[in-house]
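Here is what each chain is made of, one letter per residue.
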Amino acid sequence: MFIGNYFYYELPESLPQLTTTSFYFVAFVFLTFVLCRILKCAIRPYAILACSLFFLYSYGTKHIIAVVAVAALSFIAGLVLNKYKKWYVLALSLLPFVGLLVYFKYFNYESLGLVFPLGLSFYSFKVISYLVDIYKDEIEVEHNPIYYLDYVMFFPVITAGPIHRYENFRKEIREYKEFDYKDAKGGGFQMVLGVYEKVVFCDFVASVVSRCLNNVELTGVNVLIGIVLYSFQIYLDFDAISNISIGCSRLLGFNIEKNFNSPYLARTLKEFWSRWHISLSTWLKDYIYIPLGGNRKGKIRRYINLFITFVVSGLWHGNTVNFLYWGIAHALIQVVEDMIMSFFKDKVKNKIATAVISVIGVVINFAIVTLLWLIFKYENMAEVSAVLTRLSASGSFDLEAIGMTVNELRWLIVVISVTVILDVLRNNFDMIETFNSTFFVIRWLVYILMIVSFMIFGVYGGSFDASDFIYRWF
Amino acid sequence: MHQTLFTDGSKMKRSIRYILEISLKLVLVALITLTSYEVLNRVFYNNEVSHGDDFKSLPEDSIDVIVLGSSHAQYSFVPSFFYEETGLNSYVLGTSCQPYQVSYEMLKEALKTQQPQMVIMEVFTALPLRSSCEGDFCYIMAEYQMTGKEKINVIKMLPEEKKNQYLNDFFTYHNDWKTKESFEPLNKEENEISTGFGYIFQHARAKLPDNWWHASQYGYDIDIEIEEDDLESLNAIYDLCQKNNIELLLYKTPVDSFTREDQSMMHKMWEWADEHSVKYIDFFAESKKLSFYMGIHSDAFHAYINGASMITRRISDEVNTYEIESYDSEILKENYETEERTYTYYALQYETYPITYLKRLENTSGIVIVSYQASGSQLYKTLYNGILSLGVDSNSFINGSNYCAVIDAGKVVSEGKNTVEVSNADYDVSVTENGITINGEEHLRKTNLLIIYYNKDTNEIVEKQIDQYANMDYGREFYDWDNDLDF
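The rules behind each value
Residues numbered from 1 in each chain as written. Chains lettered and ligands numbered in written order. Predicted model: local features only at pLDDT ≥ 70, side-chain atom pairs only at ≥ 80, totals over all residues. Heavy atoms only, no water. Helix = DSSP H or I, 4+ residues; strand = E, 2+ residues; numbered from the N terminus. Buried < 20%, exposed > 50% of the residue type's maximum accessible area, 1.4 Å probe, protein only. Contact = heavy atoms within 4.5 Å. Areas by Shrake-Rupley, 256 points an atom, 1.4 Å probe, with all protein chains shown as cover. Salt bridge = Lys/Arg side-chain N within 4 Å of Asp/Glu carboxyl O. Patch = residues over 30% accessible without salt bridge, like charges linked within 9 Å, V, L, I, M, F, W, Y side chains within 5 Å. Pairing = 2+ DSSP bridges. Arc of directions from axis to C-beta. Core = buried A, V, L, I, M, F, W, Y, C linked by side-chain atoms within 4.5 Å. Domains from an automatic or database assignment. pLDDT = per-residue confidence, 0-100. Axes fitted to C-alpha atoms, helices over the stretch in contact; angles between N-to-C directions. Parallel < 35°, antiparallel > 145°, perpendicular 65-115°, else oblique. Nonpolar A, V, L, I, M, F, W, Y, C, P; charged D, E, K, R; others polar. Expected span 1.5 Å × (residues − 1). Polar contact = N/O pair within 3.5 Å; in protein donor to acceptor, adjacent residues only side chain to side chain. Phe/Tyr/Trp six-rings, centres within 6.5 Å; stacked < 30°, edge-to-face > 60°. Lys NZ or Arg CZ within 6 Å of the ring centre and 35° of its normal.

### Some details on the overall build of chain B
Working step 1: Secondary structure assignment for chain B yields 17 helices and 14 strands.
Working step 2: Here chain B holds 487 residues, and 54% of them are scored as buried.
Working step 3: Within chain B, contacts between residues at least 6 apart in sequence are counted, and of these 73% link residues at least 24 apart.
Working step 4: As displayed, chain B has an accessible area near 22300 Å², and 47% of this comes from carbon and sulfur atoms.

### Remarks on the pattern of salt bridges
Working step 1: Applying the stated criterion to the full structure yields 27 salt bridges over all chains.
Working step 2: Among the salt bridges present, the one from Arg426 of chain A reaches Asp423 of chain A, with a minimum N-O distance of 3.6 Å. Residue Arg426 of chain A and its partner Asp423 of chain A are located together in helix H19 (residues 406–428), separated by 3 residues, close to a single helical turn.
Working step 3: With relative accessibility at 22%, the residue Arg426 of chain A sits in the partly exposed group.
Working step 4: Given the relative accessible area of 7%, Asp423 of chain A is considered buried.
Working step 5: Of the charged contacts, one joins Lys456 of chain B and Asp408 of chain B as a salt bridge, the two residues approaching to 3.0 Å between their closest N and O atoms. Linking Lys456 of chain B in the loop between strand E13 (448–455) and strand E14 (460–467) with Asp408 of chain B in strand E7 (residues 403–408), this pair joins segments that are 48 residues apart in sequence.

### Description of a nonpolar patch on the surface
All names here are of chain A.
Working step 1: A cluster of nonpolar side chains, Val98, Val102, Tyr106, Phe107 and Leu315, forms an exposed patch at the surface whose accessible area comes to about 410 Å².
Working step 2: In terms of residue count, the dominant contributor to the nonpolar patch is helix H5 (residues 87–106) (3 residues).
Working step 3: Summarising the element assignment, Val102 is placed in helix H5.
Working step 4: In this structure Val102 comes out as partly exposed when scored by relative accessible area, which is 37%.

### Quick word on the pairing of strand E12 (residues 441–444) of chain B
Residues and elements named next belong to chain B.
Working step 1: Direction of pairing for strand E11 (residues 435–438) relative to E12: antiparallel, over a ladder of 4 bridges. Residue pairing in the sheet places Thr437 in a bridge with Glu442 of E12.
Working step 2: From the end of E11 to the start of E12, which pair antiparallel, there are 2 residues, and Asn439 there has a positive phi angle of about 45 degrees.

### Structural notes on helix H12 (residues 283–290) of chain B
All names here are of chain B.
Working step 1: Listed as buried for H12 are Phe283, Phe284, Glu286 and Ser287. Looking straight down H12, one finds that the buried residues subtend no more than 150 degrees of arc, so they occupy a single side. Relative to its buried face, H12 has exposed residues pointing more than 90 degrees away, namely Lys288 and Lys289.
Working step 2: Looking at the buried residues of H12, the elements they touch are strand E4 (247–252), helix H11 (260–275), strand E5 (279–282) and helix H13 (305–319).
Working step 3: Looking one or two residues past H12, Ser291 carries a phi angle of roughly 55 degrees, positive in sign.

### What about the nonpolar core?
Working step 1: Core analysis: the largest hydrophobic core is formed by 151 residues, its most contacted members being Phe25, Trp276 and Trp373 of chain A.
Working step 2: No fewer than three residues from each of domain 1 (23–176) and domain 2 (182–463) of chain A sit in this core.
Working step 3: Counting 39 residues, the second largest nonpolar core, distinct from the first, contains Leu58, Ile63, Tyr104 and Met106 of chain B.

### Section: the pairing of E11 of chain B
Residue and element names in this part refer to chain B.
Working step 1: Alignment of strand E10 (residues 428–431) against E11, held across 3 bridges, turns out to be antiparallel. Within E11, the position partnered with Val429 by the bridge is Ile438.
Working step 2: The turn joining E10 and E11, which pair antiparallel and follow one another in sequence, is formed by 3 residues.

### Notes on the confidence of the model for chain A
Residue and element names in this part refer to chain A.
Working step 1: Taken residue by residue, chain A gives an average pLDDT of 87. The fraction at 70 or more is 93%.
Working step 2: Segment residues 1–8: pLDDT under 50, and 17 contacts once partners within four positions in sequence are set aside and those in other chains are kept.
Working step 3: The model gives residues 462–468 a pLDDT under 50, and that stretch makes 14 contacts with residues more than four places away or in other chains.

### Some points on the sheet that holds E11 of chain B
Residues and elements named next belong to chain B.
Working step 1: Here 4 strands make up an open sheet; going across it, the order is E9-E10-E11-E12 and the pairing antiparallel. Taken across any chain shown, the strands that pair with only one partner, and hence form the sheet edges, are strand E9 (420–423) and E12. The sheet shows a mean angle of 10 degrees between the axes of neighbouring strands, direction not considered.

### Describing the packing of helix H2 (residues 23–38) of chain A against helix H11 (residues 221–251) of chain A
Residue and element names in this part refer to chain A.
Working step 1: Where H2 contacts H11, the two axes come as close as 10 Å, and the packing angle between them is 25 degrees. The angle between H2 and H11 falls in the class roughly parallel. Contacts between H2 and H11 involve Phe25, Val29 and Phe33 from the first element and Ile244, Cys248 and Leu251 from the second.
Working step 2: Of the residues contributing to the contact of H2 with H11, the split by class is 6 nonpolar, no polar and no charged.

### Details of the packing of helix H4 (residues 61–83) of chain A against H5 of chain A
All names here are of chain A.
Working step 1: Remark: H4 packs on H5, axes separated minimally by 9 Å, with the N-to-C direction vectors making an angle of 170 degrees. Regarding the angle of H4 to H5, the classification is roughly antiparallel. Between H4 and H5, the residues in contact are Val70, Leu73, Ser74, Ala77, Val80 and Leu81 and Val89, Leu90, Ser93, Pro96, Phe97 and Leu100, respectively.
Working step 2: The residue inventory of the contact of H4 with H5, partitioned by class, reads 10 nonpolar, 2 polar and no charged.

### Some points on the environment of Val321 of chain A
Residues and elements named next belong to chain A.
Working step 1: Note that Val321 resides in helix H15 (residues 321–344).
Working step 2: Residue Val321 is classed as partly exposed on the basis of its relative accessible area of 38%.
Working step 3: Between the C-alpha atom of Val321 and that of Glu379, which follows or precedes it by 58 residues, the distance is 7.2 Å.

### Comments concerning the sheet that holds E5 of chain B
Residues and elements named next belong to chain B.
Working step 1: Taken in spatial order, the 5 strands line up as E2-E1-E3-E4-E5 in an open sheet, and their pairing is parallel. Of all strands in the sheet, those with a lone pairing partner are strand E2 (90–94) and E5, marking the two edges. On average, each strand axis in the sheet is inclined to that of its neighbour by 20 degrees, with strand direction left out of account.
Working step 2: Looking at chain direction, strand E1 (residues 65–69) and strand E3 (residues 118–122) are connected through 4 bridges and run parallel. Each bridged residue has a counterpart across the sheet, and for Val65 the counterpart in E3 is Met118.

### Structural notes on helix H16 (residues 351–377) of chain A
Working step 1: Taking 1.5 Å per residue as the helical rise, H16 of chain A with its 27 residues ought to reach 39 Å, and the 38 Å between its terminal C-alpha atoms agrees with that figure.
Working step 2: In this fold, the buried residues of H16 of chain A make contact with H11, helix H12 (269–275), helix H14 (298–317), H15 and helix H17 (381–392) of chain A.

### Some thoughts on the side chain of Ser74 of chain A
Residue and element names in this part refer to chain A.
Working step 1: Looking at where Ser74 falls in the secondary structure, it is placed in helix H4.
Working step 2: Ser74 gets classed as buried once you look at its relative accessible area, which sits at 0%.
Working step 3: At a separation of 2.8 Å, a polar atom in the side chain of Ser74 contacts the main-chain carbonyl oxygen of Val70.
Working step 4: Apart from residues lying up to four places away in sequence, Ser74 is in contact with Phe97, Val127, Tyr130, Leu131 and Tyr148.

### Some words on unusual backbone geometry
Residues and elements named next belong to chain A.
Working step 1: A positive phi angle, near 60 degrees, is found at Asp137, a position not held by glycine.
Working step 2: With respect to the element layout, Asp137 can be found in the loop between helix H6 (120–135) and helix H7 (145–153).
Working step 3: Assessed through its relative accessible area of 54%, Asp137 is described here as exposed.
Working step 4: One non-glycine residue, His277, lies in the positive phi region at around 40 degrees.

### Observations concerning the packing of aromatic side chains
Working step 1: Under the criterion given, the structure shown has 64 aromatic pairs over all chains.
Working step 2: Ring geometry for Phe154 of chain A and Phe169 of chain A: centres 5.5 Å apart, planes at 65 degrees, overall edge-to-face. With a gap of 15 residues between them, Phe154 of chain A in the loop between H7 and helix H8 (155–158) and Phe169 of chain A in helix H9 (residues 166–175) connect regions that are remote in the sequence.
Working step 3: With relative accessibility at 2%, the residue Phe169 of chain A sits in the buried group.
Working step 4: Between the aromatic rings of Tyr251 of chain B and Phe283 of chain B, the centroid separation amounts to 6.0 Å while the plane-to-plane angle is 90 degrees, which identifies the pairing as edge-to-face. Of this pair, Tyr251 of chain B sits in strand E4 while Phe283 of chain B sits in helix H12, and the two are 32 residues apart along the sequence.
Working step 5: One cation-aromatic arrangement involves Lys105 of chain A over Trp316 of chain A; the distance from NZ or CZ to the ring centre is 5.4 Å.
Working step 6: One cation-aromatic arrangement involves Lys126 of chain A over Tyr151 of chain A; the distance from NZ or CZ to the ring centre is 5.0 Å.

Below, the structure is given as structure tokens:
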């Protein structure tokens, strides 16, 4: 009787936004997948472009205009740059995109009736890398505008990355490898995993974070719990959308490198940045840090380069002064860390001591990253300072004051434990591939467990208050 | 070579095979999801709001007369009385503030399994007053009583944010896990005290004030039209009845038509009925003829059991002028005779007549727990006197002040403003601001008047009644409370 109700569910009167955790997005991806499978290789790029346009259209035509303009301009700039490989041609080519990014990040575009173009931060970095790579002769220029539009507008990654490079995409859009069932299955599962991570884990943790940090009467341990959980929230949030993007791309036949590699298991901040938002870190390394001289020009220059790179990273994340402080703090701590590591280098040789130091490193690094996320979360230092004041005041753990029930606490412990265990396992082997090759009974039991826990613990429905992805509008 | 848009033969076959395989798996996942929903919803979140009176459980083609309308229909039409007078089986498809549109969908739903020969429709919700209707009980009914397109049409009337909730109540209730103490099968309302009396305006006066305006005396001078949606639904109900050869009869209960707008609207209804050759009984206009008095036969909204008897028997007289042959369902006949499963009867008998309830408690040998939270205004005098008759001293219980007491066999053993506690060999009872605990079992203490009757010999709560509207000021807009009717 009840099941019948679903079949009467009506389509909305206007096109709904294809948000990545919505049923409509899942249906849209499945249709795109079917389209890609049945169409000839030569037709597929057109189909993918049409799907990307449709995806953007669901957010509004203004977003299409912005991305098409950027793609068209950078396509022409690529052709010109390919012909005249001069530094000033490159500078001239990059100027509109850097300018656009700076304008929308730092100026009041709303007064002109504009909206922030969806995914601008991500696709402008993509076109910059494309132009610089042409200038450096590292890639061939693209002559086919459809293929290039596909690259810039590729819908699985346009909203929140990862920032993939043109080199791999160029091959895949042309050759379009044979359908690999295992790959598609892995991609599909990774996508579902991302949705699960967001709706069941992340949004629940987010609700606890807001209860701990927004209530100004809470102090001490209660605030500490909120701060630590914010670290988990931002990780789960960004990892979720990366899983959805990468999984969706794999389903459509495009391999995109992983964006996270158990970042909270890093022993140093430097290592953290090789595991966190990998596509952005490598982009900053390849297009800012190394062109500035990297670590080839002595220690002082290296530190300055590091500083500049992280300032850019901070500015890329947002226009508040706190993002700048956050970038600077990351750079300064890495400088100090580098000095300490140089001092201890090759001095500890005992395996047990190394392991102990590694564990201590992980804990200290997590504490540093967590404290720095606090700067990232708030708009100004006064708000950060207020939270730190509350943190330093005495206050014992008070479930009732936080507004949590015992059941919520139990579930929170499960969520954090599962996140940590999966991260440790993920650090050692490819979880998705391993899972997909296990006995089907176990796999289906996990599916059922996921479905049931999604239904019970997911943040959706009448009390739906799920936050948007933190990185979507960066 | 012939060029196509699609991939070549063998590749295509392989692709289609994989797509089919993936599609089948997706269907399997969808089925697991829906089954899990069903299991979870029934085991953990089963809301019994209307399961007890499931229309769909009736035998096919067993109902002769279907009654549509709002709570006014629920409280004024008693199927067992109707059966006594006419020998016909009837069923009230009425819910609180049920709009005409919902009545239309309910009728369509009913026609899926029943072929009634007559539809009796109570017309209150056309009144402008219905804007004061709160809650969406009829949509909760839709969740359980309706299926298919009819259900969707009802849900479509809801605000956007509520639609999902009623299409799938798991969307709302799945968050109950946060407060559940165990994952045992549990009725959501188990530990709550039922809302008992419903709307009680015991202060309703017995006679109209001198300055009372009535349309029959002064004419229908307000230019008012039946709302477009209502008119459309009314016409649709009429057409549906015509198409299915069903007689239609309209009626308005004798309460709640106090303003010129109300009277003019009811006159419009009469005009509509006249145009369509449909019989319309306006009990408000007939109230004097029937000697129907508010305060004796009804509160400000709903008829009491004695008032419902008058209304149902008057409608029965009218129905007897039609030639309707009963389906003669044995099951229903048994129900009427034993008065079981007739929700309306129970509602009227036990919920809408607090004075009867209080009088029954007067001579009881059990424990009566009284909890009254004044919320700034006085309790209706009739209710106040009824409580005094349980053995409470008027010096201790001052009308308009909070009061709670434990009464054992007619004697107050403990009383206070907000809290009381009694502990002896037979029972432990405590009343606090948040709840009432009887031998360790906690009950929510809702605002206003709550009376619990507890049998200490069998250690069970025999009855518990709450009147959340005991001191609501709503009726003051219409009545002069000083002329209170004293029982």
